[in-house]
Amino acid sequence: MDDEKSFKKLVISLVPAVNQAKVHTINKLSNQIKSLSKRKTKNDEEKVQNERKIQRISEEVAFLKKAKRNDFITFSLTSEANFDEVLQNENKIGGKIDVQARAF
């Protein structure tokens, strides 16, 4: 019973940090979208690459806006993977980026 109460206290104490991290991440990604869209390119290849990045980042922002904070809290408490491991797994499977894995 005491473990359950302490777990609930931990979850409640993480709520402000998760909300702040969510807002900061969305703002950072939005600024990246702005800078990529304003960036001048030398050729069409760079332009296509920037458009792909903008699309990927937009999908991440949409996912972050829809996701519930409890999803982030439970993932952070249960997952042992860090961002570098997620990127390595994506590179191993051919570069297909999972928006949900990157957002968490």
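Please read all numbers here as calculations on a predicted model, not as lab measurements.

I would appreciate a short explanation of the overall build of the protein in the present structure.
Across its full length, the protein holds five helices and zero strands. In sequence order, the protein lays out its α and β elements as α-α-α-α-α. Across the 104 residues that make up the protein, the buried fraction comes to 20%.

Would you take a moment to explain the nonpolar core for this structure?
In this structure, Leu29, Ile57, Val61, Leu64, Phe72 and Ile73 are the most contacted members of the largest nonpolar core, which totals 13 residues. Ranked by residues supplied to this core, first place goes to helix α1 (residues 2–38) with seven residues.

So what exactly am I meant to see when it comes to the pattern of salt bridges here?
Scanning the entire structure with this criterion turns up two salt bridges. Between Glu4 and Lys8 there is a salt bridge; the shortest N-O distance is 3.7 Å. With Glu4 and Lys8 both in helix α1 and four residues apart, this pair spans about one turn of that helix. For the salt bridge of Glu60 with Arg56, the shortest nitrogen-to-oxygen distance reads 3.0 Å. Of this pair, Glu60 and Arg56 both sit in helix α2 (residues 44–66), four residues apart, roughly one helical turn. The exposure class of Glu60 is buried, given its relative accessible area of 6%.

Criteria and thresholds
Here the residue numbers are simple positions, counted from 1 along each chain's written sequence. It should be noted that, the model being predicted, local features are given only for residues of pLDDT at least 70 and side-chain atom pairs only at 80 or more, the latter also being counted only at that level, while totals for whole chains, interfaces and linings use all residues. Hydrogens and water molecules were not included; the side-chain quantities draw on all heavy atoms of the structure. The way it works is that DSSP assigns letters per residue, a run of H or I at least four long becomes a helix, a run of E at least two long becomes a strand, and they are numbered from the N terminus. Only protein chains enter the area calculation, which uses a 1.4 Å probe; residues under 20% of their type maximum are buried, those over 50% are exposed, and those in between are partly exposed. Remark: nonpolar core denotes a set of buried residues (Ala, Val, Leu, Ile, Met, Phe, Trp, Tyr, Cys) joined through side-chain atoms within 4.5 Å. Salt bridges are defined by distance alone: a side-chain nitrogen of Lys or Arg within 4 Å of a carboxyl oxygen of Asp or Glu.

The quantities given are spatial measurements derived from coordinates; they are silent on function.
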